[in-house]
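Notes for the structure review
Chain by chain, the residues:
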Amino acid sequence: TDSRITDPGAPGYLADPIPTPVDAYVAVDDEGNYVSSLLVVPDGSGAGGTVVPIGTLLAVGDPDSAEADPVTFVRDVYNEEGIDAFRSRLGSTLGFAIGSVREVPFDALVELADGEPVTVENPDNLIMPGDGQGAGEVRYPAGTLTLQPQDLAEFMAFEGADDPAPNQLIRVSQVWEELLARADGRTHDDLPEGESTDGAKSPPFGEMVDVLSAGDVSFDAVPLYRRPIPGSIIVVAWMADPAYLGDFVARVVPLPVSPVPGRRTSVAILNGTNDPDAVSAAVPKVVSAGGEVSVVGNADSFDVGSTSVE
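Everything in this summary refers to the structure shown in the same document. Here the structure is a predicted model, which means the values were calculated and not measured.

Let's talk about the pattern of salt bridges
Under the counting rule described, the total for this entry stands at 10 salt bridges. As a salt-bridge pair, Asp 64 and Arg 227 come within 2.6 Å of each other at their nearest N and O atoms. One end of the pair, Asp 64, is in the loop between strand S5 (58-61) and strand S6 (71-73); the other, Arg 227, is in strand S13 (residues 224-228), with 163 residues separating them in the sequence. Judged by its relative accessible area of 59%, Asp 64 falls in the exposed class. The salt bridge partner of Arg 89 is Glu 81, with a shortest N-O separation of 2.9 Å.

In structure tokens, the structure reads:
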């Protein structure tokens, strides 16, 4: 009595696509405060993948909300609201579900450095902010910096006076890139571990490092724009840019899952042509436009004359 069509080349065939897994790893300092995080999308081959570093200055929330303080920084979400709030609020901002979040003690990053200093190119002078000791002084000069492993936490989380978030992201990405490059050829099962979200199915950080270092790793970045927030304690925020966010998601998370009901429109893509690649060509367009591809397959005929959206 099973009338389902199981031949992928036959009219009427339907299938449930496998969503792209996305997990987050949050590096914290010795006091448990947010330093930086990585969104990780492992390659389907089981080796390598795509990573997206997130600094402290990314703002999340709805800037058009009538609330007194409609946006906040991801570091404050993690530090003040916890790991589950970080997962849900970051996912809602970026437009895809984050499967799990694991906390990474900074000792793990120190071990990844393998006792050697890390060299980065700093875009601009980093000035101490005006409300702390040494205000106005240059903390990190522009140019080539050589940092000891134990000093990386302060550097990655540093927020200088008038420090644009894209610059911070450049610095943070360089550190992550160097640390992951050093992981090649070693195993990291014994790296320190912190807490994780309930039911986390993602590998511990050390295992994920080994997965990434076994293949090619590509780095990507959340597109940012500078948004004034009138009346808020955050006068200006660096937020995910809606003009480019769709393309970012389609590129990094080819088959995203909606982070909350209704955030993405559920879409079925059916091939009504004789081109076997028609569905795969349509998927990134649908995802970029805000869709969640929940069904793929074939139309009842391969002679459909025009594309339709129902």
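Moving on from the coordinates now.
Regarding unusual backbone geometry
With glycine set apart, most residues show a phi of negative sign, and most peptide bonds adopt trans. You will see that Asp 114, though not glycine, has its phi angle at about 60 degrees, which is positive. By the element assignment, Asp 114 lies in the loop between helix H3 (106-113) and strand S8 (118-122). Here the phi dihedral of Asp 162 falls at roughly 55 degrees; this positive angle occurs in a residue that is not glycine. On the secondary structure map, Asp 162 appears in the loop between helix H4 (152-157) and helix H5 (165-182).

Scoring rules and cut-offs
- Residue positions within a chain follow its written sequence, with the count starting from 1.
- Selection of residues for local features in this predicted model requires a pLDDT of at least 70, selection of side-chain atom pairs for listing and counting requires 80 or more, and totals for whole chains, interfaces and linings are taken over all residues.
- Hydrogens and water are ignored here; the side-chain numbers use all heavy atoms of the structure.
- Each salt bridge in this description consists of a side-chain nitrogen of Lys or Arg and a carboxyl oxygen of Asp or Glu lying within 4 Å of one another.
- Here a strand is any run of E in DSSP of at least two residues, a helix any run of H or I of at least four, and the numbering for each starts at the N terminus.
- Burial classification: accessible surface area is computed with a 1.4 Å probe over protein chains only, and a residue below 20% of its type maximum counts as buried, one above 50% as exposed, and the rest as partly exposed.

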